Structures are given as structure tokens and as C-alpha cells.
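Per-entry structural report
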Amino acid sequence: MVSEALLALLYGGLAAGASAFSALAFYAASPHCRWPRLRRAGRLGRQIGLVTAATSLWLWMGQLGLATGLCVTLGGWMLTALALPYLAAWHRPGREARP
């Protein structure tokens, strides 16, 4: 039988994943996206980002309550949103190999 702590951990992991995926979808829809494959998402990225942000908020609020769930959702979302441009710059996907 699955313990209550394990279920809470899985629930929180799913909520954190939804928050991170939301930030990734919004980054893909941004004109500042440096990954060409993600940039093609366009308007669909915004819609997916809104749905997954609402899902993450709903999951965190179900686990932690209204105010704490909102803070954790926004904190995780912003942490991912700040890390994505740095990861893209470090990876340098726009640069091609020189002959």
C-alpha cells in the first residue's frame, strides 16, 4: 500500500513538472526563444502554457492551500523562466559549426 507521504511527494512532483512545462511553453512562444524547434510552437505554446499553469496552480492549491499554493506555483514558474534563457545561451543552439 502506498503511504501518504509518497502520494504527497508524487502530487508535488506532478505540480512542479506542470509549472516547469508551463514556463517552457511560454518561452517557446516568446520571440526571444533561442531554440529553433521550440520557436515553431508560436501561439499554441501560449495556450499550452496557460493550461499547464492553471493545472499546476490547481495541484499546488489542492496540496498546500490557496496562498501557499499560489506562492509555490509562481516561485517554481519564475525559477524555470529565469533558467531557460541561461540554459539556451549556454547550449548555443543558434550557432552552426564552422567548416
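The text that follows walks through the structure, step by step, so that each part is easy to find. (Residues numbered from 1 in each chain as written. Predicted model: local features only at pLDDT ≥ 70, side-chain atom pairs only at ≥ 80, totals over all residues. Heavy atoms only, no water.)

**Remarks on the side chain of S22**
Filter applied, for reference: Labels follow the DSSP assignment, with helices taken as runs of H or I lasting at least four residues and strands as runs of E lasting at least two, numbered in each case from the N terminus. Throughout, exposure labels follow a simple rule: accessible area from a 1.4 Å probe, protein chains only, divided by the maximum for the residue type, with under 20% read as buried, over 50% as exposed, and the rest as partly exposed. Throughout, a residue-residue contact means that at least one pair of heavy atoms, one from each residue, lies within 4.5 Å.
Within the secondary structure layout, S22 lies in helix α1 (residues 4–29). Relative accessible area serves as the criterion here: at 0%, S22 is assigned to the buried category. Once you skip the residues sitting within four places of it in the chain, S22 turns out to touch G49, T52, A53 and W77.

**What about a nonpolar patch on the surface?**
Put simply, the test is: Distance thresholds for patches are 9 Å for like charges and 5 Å for nonpolar side chains (Val, Leu, Ile, Met, Phe, Trp, Tyr), applied to residues having over 30% relative accessible area and no salt bridge. For accessible areas, the Shrake-Rupley method is used with a probe of radius 1.4 Å. Any residue's cover is judged against the shown protein chains and nothing else. The salt bridge definition used is simple: a Lys or Arg side-chain nitrogen within 4 Å of an Asp or Glu carboxyl oxygen.
On the surface, V2, L6, L7, L9 and L10 cluster together to form a nonpolar patch covering roughly 490 Å² of accessible area. Looking at the secondary structure, you find L9 in helix α1.

**Details of the packing of aromatic side chains**
Note the cut-off: Centre distance within 6.5 Å is the pairing criterion for rings of Phe, Tyr and Trp, where only the six-membered ring of Trp is used; planes under 30 degrees apart are then read as stacked, over 60 as edge-to-face, and the remainder as tilted.
In total, this model carries two aromatic pairs according to the counting rule given. Each ring, one from F26 and one from W77, has its centre 5.9 Å from the other, and the planes form 85°; the classification is edge-to-face. Taken together, the residues F26 in helix α1 and W77 in helix α4 (residues 66–91) connect sequence positions 51 residues apart. Classification of F26 as partly exposed rests on a relative accessible area of 26%. Residue classification places W77 among the partly exposed positions, given a relative accessible area of 24%. Seen in terms of ring centroids, Y27 and W35 are 5.9 Å apart; in terms of plane orientation they differ by 85°. Their pairing is edge-to-face.

**Re the environment of A20**
As for its placement among the helices and strands, A20 is situated in helix α1. Accessibility expressed as a relative area gives 26% for A20, which makes it partly exposed. As for A20 and L44, which are separated by 24 residues in sequence, their C-alpha atoms are 17 Å apart.

Don't take any of this as a statement about function, it's just geometry.
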